[in-house]
Amino acid sequence: MSLAPYGRLLRLPGVLPLVLVSFVARIPHAMTGVVLTLHVVGPLGQGYGRAGLVAAAMTVGVAIGSPWRGRRVDRLGLRRALVPSVVVESAVWLVAPRLGYEALLVAAVVAGAFLVPVFSVVRQSLSVLVPPEQQRTAYALDSVGTELTFMLAPTVGVLVATQVSTSVALTVIGVSTVGAGLLLMWFDPPTRSAGTAPGAPPAGPRQRVLTPGLLVVLAAASTAALVLNGTDVGIVAALRGWGHESAVGWMIALWCVGSVVGGLVYGAGRRELHPLVLVAALGVATVPAAFAQTQAQLAVAVVVAGLPCAAALSSINASLVRAVPEHRRGEVMGWSGTANTVGAAMGAPVVGAVIDGFGPWSGFAAAGGAGVLLALGGLAVLTAARRRAAVGRAGAAGSAPDGGAGQGDALPAGPAPLPGATGPAASAPVPAGAARAVPAAAGVVPTPVPVGADDVAVRPQEDVAR
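Note that this is a predicted model, so its numbers are computed, not measured.

Caption draft 1: Summary view of the state of the cysteines. A complete count under the given rule lists zero disulfides for this structure. Cysteine Cys256 remains unbridged, with the sulfur of Cys309 as its closest cysteine sulfur at 7.5 Å.

Structural data, given as structure tokens:
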């Protein structure tokens, strides 16, 4: 594996500072889940199912607030859009350690609704700073950076929660969340191309954002979030059941190591896979952790479980930014946040309830199995829809009055490649005068990477945010 594509990427103007700022700004979000879980099952004396409900409450807030915050970034610019988040987050996390369980549920919703949109802003900024032919590598690096954050932040959170108190850990989250918002406001990464000011969209009819193709990618995002949040709860439950609660931080760090390795390999390669394929691989890789009987076995299992993680997330993000025009990317990244929170809202409480009923081992089986079933179901539905569309086009061509070849003729019947497919199926020549069949999920732009794509001359471009 050559790391040369990453070197060329980091030499682009503005990319390296954005990567460093995003690493720091994501730390509070990365420690929130594990600290909330420890606070609910510890000082508040609740079970893992109820701890999952707090995580779900926060994700509901994110689902409500993400599209709204994304539209504010598109229309007002980053600094003005972040002001409400900084103000509200400071108030919520100041009082959160003093709340009972029911009040904490409400506070979690509010915190989610006004969450500083670090992830979406960074991804939106990458789409501006990085040319299209290098964006797959850029999003893989972004996912790897996210995993590195998740290696550090949960360890710090668990250390503070177990060695000091969960109340202090929640306060640290609040202070660092506000700090992340102020850091982004100071750095102010670009979210629109040079010469394009935030504000009203271009003249003409308003485009529909949630196309069928985009919905497929959002479904992949939800499924990935379900698997990841369920695995997070499973790790905490397994180690707590063995009496090794303090090992949660480094176990999650090992999980992230696997993701870093997988993400670097995927980003340096030349083949891009459909997001649902990678999400199915993520589910398959998670299931073996259910059979771990010791810390050492679990350590190996979580490294394996992490291998498809960054690759799946980078594929999802790359597909999202190519599916919509630039002036709607903030909103679409907001919908991506909503999709993630829907998956997390399902994953954390469902897996937590399964653990309460069957034991810690069952959490990994439930998370991984659900991910595989949902991803394969999505691929089956997508394939069936494309076949029906191909049959319809073939029938329409066959009923043409002259019965001959013409401008509206479809290609010969055959399996339609998935978006992003490469190889003979994707590059087959189209007969002269024939119309190339358009995939049913036309909202997802195919993302093949041509040979030599990483050898293009470096040129400045735009941004990507979470």
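Caption draft 2: Looking closely at helix H4 (residues 48–76). Here H4 spans 40 Å end to end across 29 residues, near enough to the 42 Å set by a 1.5 Å rise per residue. Along its length, H4 reaches its greatest deviation from straightness, about 35°, at Gly65, and the proline Pro67 lies no more than four positions downstream. Gly77 occupies a position one or two residues after H4 and carries a positive phi of about 90°.

Caption draft 3: Inspection of unusual backbone geometry at higher detail. For Asp188, which is not glycine, the phi dihedral falls at a positive 50°. Structurally, Asp188 is set in the loop between helix H9 (166–187) and helix H10 (212–241).

Caption draft 4: Fine view of helix H11 (residues 248–268). For H11, which comprises 21 residues, the first-to-last C-alpha distance of 31 Å matches the rise-based estimate of 30 Å (1.5 Å per residue) to within 8%. Counting buried positions over the 21 residues of H11 gives 15, a clear majority of the element.

Caption draft 5: Examining the packing of aromatic side chains more closely. Tallied over the entire structure, the rule returns two aromatic pairs. When the centroid spacing of 5.6 Å and the interplanar angle of 80° are considered together, the rings of Trp68 and Phe114 count as edge-to-face. Taken together, the positions of Trp68 in helix H4 and Phe114 in the loop between helix H6 (101–113) and helix H7 (118–129) put the pair 46 residues apart, joining distant regions of the chain. Residue Phe114 is classed as partly exposed on the basis of its relative accessible area of 22%. Between the aromatic rings of Trp186 and Phe187, the centroid separation amounts to 6.5 Å while the plane-to-plane angle is 40°, which identifies the pairing as tilted.

Caption draft 6: Region of interest: the nonpolar core. Counting 115 residues, the largest nonpolar core has Val130, Ile235, Leu298, Ile316 and Leu320 as the members making the most contacts within it. Here this core gets 15 residues from one element, more than from any other, and that element is H10. With residues up to four places along the chain from it excluded, the contact list for Ile235 reads Met251, Ile252, Trp255, Val302 and Phe364.

Caption draft 7: Inspection of the packing of helix H3 (residues 27–41) against H9 at higher detail. Between H3 and H9, the shortest axis-to-axis distance is 10 Å and the interhelical angle comes to 160°. Relative to H9, H3 is oriented roughly antiparallel. Where H3 crosses over H9, the handedness of that crossing is left-handed. Here Pro28, Met31, Thr32, Val35, Leu36, Leu38 and His39 of H3 lie close against H9, whose contacting residues are Thr166, Ser167, Ala169, Leu170, Val172, Ile173, Ser176, Thr177 and Ala180. Here the contact of H3 with H9 is composed, by residue class, of ten nonpolar, six polar and no charged.

Cut-offs applied
Residues numbered from 1 in each chain as written. Predicted model: local features only at pLDDT ≥ 70, side-chain atom pairs only at ≥ 80, totals over all residues. Heavy atoms only, no water. Disulfide = S-S within 2.5 Å. Helix = DSSP H or I, 4+ residues; strand = E, 2+ residues; numbered from the N terminus. Expected span 1.5 Å × (residues − 1). Bend = angle between axes of the 7 residues up to and from the residue. Buried < 20%, exposed > 50% of the residue type's maximum accessible area, 1.4 Å probe, protein only. Phe/Tyr/Trp six-rings, centres within 6.5 Å; stacked < 30°, edge-to-face > 60°. Core = buried A, V, L, I, M, F, W, Y, C linked by side-chain atoms within 4.5 Å. Contact = heavy atoms within 4.5 Å. Axes fitted to C-alpha atoms, helices over the stretch in contact; angles between N-to-C directions. Parallel < 35°, antiparallel > 145°, perpendicular 65-115°, else oblique. Left-handed = near helix turned anticlockwise from the far one by under 90°. Nonpolar A, V, L, I, M, F, W, Y, C, P; charged D, E, K, R; others polar.

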